[in-house]
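This is what each chain is made of:
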Amino acid sequence: MDVDTRLLRYFAAIAEEGNLTRAAHRLFVSQPSLTKQLKHLESQLGVRLFTRSSTGMTLTDAGHALAHRVPPVLADWDVAVRETRSAARVLRVGFLASAANTEDIVAAFGERRPGWRVDLRQSPWTDPTAGLANADVPVALLRLPFPGEDKFGVRSLFGEPRCAALSSAHPLAARDEIAFRELWDEPVVVTSALKGTWRDHWLATSERDGRTARIGAVVEHPEEFLEAIAQGHGIALVPASTSLLYERQGVVYVPVTGVTPSEVGVAWLPEAGEAVADFVQCCLDVTRSRRTGCGTRSDSPPARA
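Residues numbered from 1 in each chain as written. Predicted model: local features only at pLDDT ≥ 70, side-chain atom pairs only at ≥ 80, totals over all residues. Heavy atoms only, no water.

A look at unusual backbone geometry
The following threshold applies: Strands here mean DSSP runs of E at least two residues long; helices mean DSSP runs of H or I at least four residues long; both are numbered from the N terminus.
Between L144 and P145 the backbone carries a cis peptide bond, its omega angle lying at -10°. As for its placement among the helices and strands, P145 is situated in the loop between β5 (139-144) and β6 (153-160). The backbone phi angle of A130 is positive, close to 55°, even though this residue is not glycine. Within the secondary structure, A130 sits in the loop between β4 (117-122) and β5. The backbone of E271 sits at a positive phi, close to 55°, despite the residue not being glycine. Residue position: E271 is located in the loop between β13 (262-268) and α9 (274-289).

Quick notes on empty space enclosed by the protein
To be explicit about the condition: In this analysis, the protein atoms alone were mapped onto a 1 Å grid. Cavities are point sets where a 1.4 Å probe fits without being able to get out; pockets are open sets with protein on both sides within 12 Å along at least five of seven lines; lining residues have an atom within 4 Å of a point. Grid points are joined across faces, edges and corners, and a volume is the space filled by probe spheres set on the points. When residues are sorted by character, Ala, Val, Leu, Ile, Met, Phe, Trp, Tyr, Cys and Pro go into the nonpolar class, Asp, Glu, Lys and Arg into the charged class, and all the rest, Gly among them, into the polar class.
One pass over the full model with this rule turns up one cavity of 30 Å³ or more. Estimates place the volume of the largest cavity at around 440 Å³. Surrounding the largest cavity, 24 residues form its lining, W125, T191, W198, W202 and P239 being those nearest its centre. Contributing elements (two or more residues each) for the lining of the largest cavity: β9 (187-191), α6 (196-203) and β11 (236-239). Considering only residue class, the lining of the largest cavity consists of 18 nonpolar, four polar and two charged.

Comments concerning the packing of aromatic side chains
Short version of the rule: By convention, a stacked pair of Phe, Tyr or Trp rings (six-membered ring in the case of Trp) has centres within 6.5 Å and planes under 30 degrees apart, an edge-to-face pair has planes over 60 apart, and any other such pair is tilted. Burial classes follow relative accessibility: with a 1.4 Å probe on protein chains only, a residue under 20% of its type's maximum area counts as buried, one over 50% as exposed, and anything between as partly exposed.
The tally for this structure, following the rule as stated, stands at five aromatic pairs. Pairing F180 with W184 gives two aromatic rings, centres 6.5 Å apart and planes at 85°, and the pair type is edge-to-face. In this structure, F180 and W184 share a single accessibility class: buried. Taken together, the ring pairs connect F109, W116 and F279 into an aromatic cluster.

Considering the layout of surface pockets
If you add up the space inside the largest pocket, you get close to 850 Å³. Those elements that place two or more of their residues in the lining of the largest pocket are α1 (5-17), α2 (20-27), α4 (61-87) and α6. Sorting elements by how many residues they give to the lining of the largest pocket places α4 first, with six residues. Here the lining of the largest pocket is composed, by residue class, of 16 nonpolar, six polar and eight charged. Considered as a void within the structure, the second largest pocket measures approximately 470 Å³ in volume. If one sorts the elements of the lining of the second largest pocket by residue count, α4 sits on top with seven residues. For the lining of the second largest pocket, a count of residues per class yields 12 nonpolar, four polar and 12 charged.

See the structure below:
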């Protein structure tokens, strides 16, 4: 019987969290999708893995047996994948669309490791870990802070000013800049992926002088995000580079003062290996050479042998 390792990762998350909602948040998938995948796994195995109740998810005897075996299976699989890709001299790197300009970093990595190829994997907005959470990639360029950050090695690369994305018909749209306090009472367009500290950061919750952000629309995709703003359903705080990546008629981007910048960083899986250590160092070196600043948020890059 063939079982997708992703199904096993989903099962392991539910078993650890004991709750479908928390597991879905941790995996950056919708709860209905997670429920569907769990049913698919139970169907493949021909057993019930959980007893569902109003208090959460309880492992059955069969579930306990699987939960005991799954973590080492996944760990061995991750090692096998890393060793296989290392032998093939391929490094998979996750990234979010606006997280970083990768061209110089990839070139520097090529000089540091001749014969290696970087396989760039763009992640959707729904996964702020850019593939790290599911071990789809061993290293990623992303926005800080991100959910579950303490589980990974993380280094800050540079800060980027934030802008307000506004409808071109908005009264503030023609301004050269906007003070953040002028936006406190504006409805905000958010994506459904925004949860917990990730949501608080992008709403700048701690910088609203105690005012609660008012949600104007919740969207799933970039196109919906831009459409909601163009239609005047709300505004959004975004990195300055968003104006270059997501141009749309009816949407303008105005610099915002009085709010912390967006931070770009590189993050990696623990014990990711020498190739990842080299890639992280290239990120730091290239960023430093651009003179945009480079700071430490947690551990140093993985030690090289």
